[in-house]
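Summary of structural features
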Amino acid sequence: MKKIVEGVLRFKEEVYPQRLGLFKELSSGQSPEVLMITCADSRVDPGLITQAEPGELFICRNAGNIVPPYSQHTGGNTASIEFAVGVLKISEIVVCGHTDCGAMKGAMNPDGLDGLPHVCNWLSHSHAAVHVAKEKTPNAEGTELLKSVTEQNVLLQLQHLKTHPLVAAGIAAGRIRLHGWVYDIEHGEVLAYDAAADAFLPLADTAEVAA
Ligand code: ZN
């Protein structure tokens, strides 16, 4: 914790003074264009991997970058998505998974989640991704299967997003676009879902670059 506290002090003394104008501007409000839904994993740093400035990303994080399908149940993720779309009028939603995701490993092996009833329930929102991955890559095991599950989970959560009324309406009106990404920790690369290829490709090779 000492390192973290020292970082806070260094931010105030060294970083903040260099960006006074930005922080003054942000002090009276935010208008991000992008809602990023990603994993709580400590190795995923949305600001770092996108090189976004403060104020540019509205971020929802949870284990497994999961979006529960819309229901009458009030949850933090659902409320945050509703606020981002309904109030902030964000126009782009990115669901970003990542390599070596512990939540995806848990979804693949729910028997290992004894004593973690809420984790188990939460990861049930990813079960369909495990089944789809096993259908699409029947011979995959280990890291290969985990990669497939991670990708299918991103696509599944994009489907879940479309059950949220404000998101569905925004897509229908052409106001909102959805993006599926997987961040490769080892290679510092983002793979983006390319609908034409029905595959996750290096972001530089996809239509995302021109978007
Ligand atoms: Zn994760």
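Structure's up top.
Our subject in this report is the structure included herewith. (Residues numbered from 1 in each chain as written. Predicted model: local features only at pLDDT ≥ 70, side-chain atom pairs only at ≥ 80, totals over all residues. Heavy atoms only, no water.)

**Points about the overall build of the protein chain**
Defined as follows: The helix count covers DSSP runs of H or I at least four residues long, the strand count covers runs of E at least two residues long, and both are numbered beginning at the N terminus. The globule rule is 2.2 Å times the number of residues to the power 0.38, and the radius of gyration it is compared with is taken over C-alpha atoms. Contact between two residues is taken to exist if any of their heavy atoms lie within 4.5 Å; hydrogens are not considered. The Shrake-Rupley method, run with a 1.4 Å probe sphere, supplies the accessible areas, and residue values consider only the shown protein chains as cover. We treat Lys and Arg as the positive residues and Asp and Glu as the negative residues; His and chain ends play no part in the count. Every charge is mapped onto a representative atom, which is NZ of Lys, CZ of Arg, CG of Asp or CD of Glu.
Across its full length, the protein chain carries nine helices and six strands. Radius of gyration (C-alpha) of the protein chain: 18 Å, near the 17 Å computed for a compact globule of 211 residues. With the C-alpha coordinates of the protein chain rotated into their principal frame, the extents come out at 55 × 45 × 40 Å. Across the protein chain, every contact between residues at least 6 apart in sequence was considered, and the portion connecting residues at least 24 apart equals 60%. Of the roughly 12,200 Å² of accessible surface on the protein chain, a fraction of 56% belongs to carbon and sulfur atoms. In the protein chain, 16 positive and 25 negative side-chain charges are present, and the distance between their average locations comes to 7 Å.

**A look at the coordination of the zinc ion**
Put simply, the rule reads: Here the coordinating atoms are restricted to nitrogen, oxygen and sulfur within 2.8 Å of the metal centre, or 3.2 Å for Na, K and Ca, and because water is not among them the sites may look incomplete. The rule is simple: take the accessible area with a 1.4 Å probe, protein chains only, and divide by the maximum for that residue type; under 20% is buried, over 50% is exposed, in between is partly exposed.
Around the zinc ion, the donor atoms from the protein are C39 (SG), H98 (NE2) and C101 (SG), and they sit 2.0 to 2.2 Å away. When the donors of the zinc ion are listed by position in the chain, the intervening gaps give C-x58-H-x2-C. Taken together, the residues C39 in strand β1 (residues 34-39) and C101 in the loop between β3 (92-98) and α5 (102-108) connect sequence positions 62 residues apart. With respect to class, C39 is no different from C101; both count as buried.

**Examining helix α7 (residues 127-136)**
Our working rule: Throughout, the arc means that of the directions going from the helix axis to the C-beta atoms.
The complete set of buried residues in α7 reads A129, V130 and A133. Here the buried residues of α7 occupy an arc of 100° about the axis, which is enough to place them on one side. Opposite the buried face of α7, at more than 90 degrees from it, the exposed residues are H131 and E135.

**Focus on the side chain of T38**
The cut-off we apply is this: We call two N or O atoms a polar contact when they sit within 3.5 Å, provided that within protein one can donate a hydrogen and the other can accept it, with sequence-adjacent residues counted only if both atoms are side-chain atoms.
Tracing the sequence through the fold places T38 in strand β1. Overall, T38 belongs to the buried group, its relative accessible area being 0%. At 2.8 Å, the side chain of T38 forms a polar contact with the backbone oxygen of C96.

That is the geometry; function is a separate question.
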